[in-house]
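# Observations on the model geometry
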Amino acid sequence: MTATAALVSVRAQIARACKDANRNSAEVTLVAVSKTFVAEAIEPVIEAGQRVFGENRVQEAKGKWPALMQKHPGIELHLIGPLQSNKAKEAVALFDAIHSVDRDSLCEALAKEIAAQKRAPLLFAQINTGAEPQKAGVLPEAADAFLKKCADVHGLKISGLMCIPPAEEAPGPHFALTAKIARRNGLKLLSMGMSADFADAILLGATHVRVGSAIFGGR
Ligand SMILES: *Cc1c(COP(=O)(O)O)cnc(C)c1O
């Protein structure tokens, strides 16, 4: 299947999941994850009408997106991978959304760059719902305090939460936990669900699904 045909199929699956969940499909943004794919592979997907894309590395995104964005107006670029504080400047300059806010030093660096560049990317705090040591994100039990600190200490507006459930577990409980933390903190956006589980995530309230291989193929 070509990426454009796969895009149509993923959009149809999102529409169906929204219908099953009694949700308006306008509430769910498809973030097409184009990491590892070159501009030539991405362009047909842009031409098919997709405008929101996700990348997990600042350097890689810097290498291919400025030219693509110049050529195709209206692209929205999301950083979905971990961010080092020393890359905050480049990230704020390039991305329209950052899904991986997870520690004080990064908050501090982002707040500084947002003020300096007068840009305000949409921010998601990443929650490490499986408490996996190798994974980025705030532990669930530390989330409320972290979110309060983002607002009170760093003056940072966090709009939603993001999670990546452990690969070997059923994702549902992780999505539900993330939604619960968002609800009690008054956050409206939920970045959750990837190629294998975006329909489940939509049923549990996802507003942003990050779908890579189901569109672009295996990496
Ligand atoms: C790669 C990646 C995705 C997309 O994964 P697929 O299984 O290919 O859909 C989603 N979220 C994050 C954080 C990723 O790094």
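For the structure, see preceding data.
Now for a look at the structure at hand.

Rules used throughout
Position numbers for residues count from 1 along each chain, tracking the sequence in the order it is written. Selection of residues for local features in this predicted model requires a pLDDT of at least 70, selection of side-chain atom pairs for listing and counting requires 80 or more, and totals for whole chains, interfaces and linings are taken over all residues. No hydrogens and no water enter the side-chain calculation; it runs on all heavy atoms of the structure. A pair of Phe, Tyr and Trp rings is counted when the ring centres sit within 6.5 Å of each other, with Trp represented by its six-membered ring. The angle between the planes then sorts it: under 30 degrees is stacked, over 60 is edge-to-face, the rest tilted. In DSSP terms, a helix is any run of H or I states spanning at least four residues, a strand is any run of E spanning at least two, and both are numbered starting from the N terminus. Each residue gets one of three labels from its accessible area relative to the maximum for its type: buried under 20%, exposed over 50%, partly exposed in between, using a 1.4 Å probe on protein chains only. Note on terminology: near, applied to a residue and a molecule or strand, indicates that one of the residue's heavy atoms is within 4 Å of it. The definition of a polar contact used here is a pair of N or O atoms within 3.5 Å, where within protein one atom must be able to donate a hydrogen and the other to accept one, and adjacent residues in sequence count solely through side-chain atom pairs. A pocket, in this scheme, is an open set of points on a 1 Å grid over the protein atoms alone with protein on both sides within 12 Å along at least 5 of 7 lines, while a cavity is a set where a 1.4 Å probe fits but cannot get out; residues line either one if an atom lies within 4 Å of a point. Pocket or cavity membership: a molecule qualifies when more than half of its atoms sit within 2 Å of the grid points of that site. Gly counts as polar in this scheme, as do all residues outside two lists: the nonpolar Ala, Val, Leu, Ile, Met, Phe, Trp, Tyr, Cys and Pro, and the charged Asp, Glu, Lys and Arg. Two strands are said to pair when DSSP picks up at least two bridges between them.

Within the structure shown, the criterion is met by two aromatic pairs. Relative to Phe-216, the ring of Phe-37 lies with its centre 5.2 Å away and its plane at 25°, an arrangement referred to as stacked. Here Phe-37 is found in the loop between β1 (29-33) and α2 (39-47), whereas its partner Phe-216 is found in helix α9 (residues 213-216), with 179 residues between them in sequence. An identical accessibility class is assigned to Phe-37 and Phe-216; each is buried.

Before going further, it helps to examine the site of the ligand. Around the ligand, the neighbouring residues are Val-33, Lys-35, Ile-80, Ile-164, Met-194, Ser-195, Arg-210, Val-211, Gly-212, Ser-213 and Arg-219. At a separation of 2.8 Å, an oxygen atom of the ligand approaches a polar side-chain atom of Arg-219. Taken atom by atom, the bulk of the ligand overlaps the largest pocket. Tallied by class, the residues present in the shell around the ligand amount to five nonpolar, three polar and three charged.

For β1, the buried fraction is high: four of the five residues fall into the buried class. Here β1 runs beside strand β8 (residues 208-211); their pairing, made up of four bridges, is parallel. Bridge pairing in β8 places Ala-32 opposite Val-211. Of the strand pairs in this sheet, β1 and strand β2 (residues 52-55) are connected by two bridges, and their pairing is parallel.

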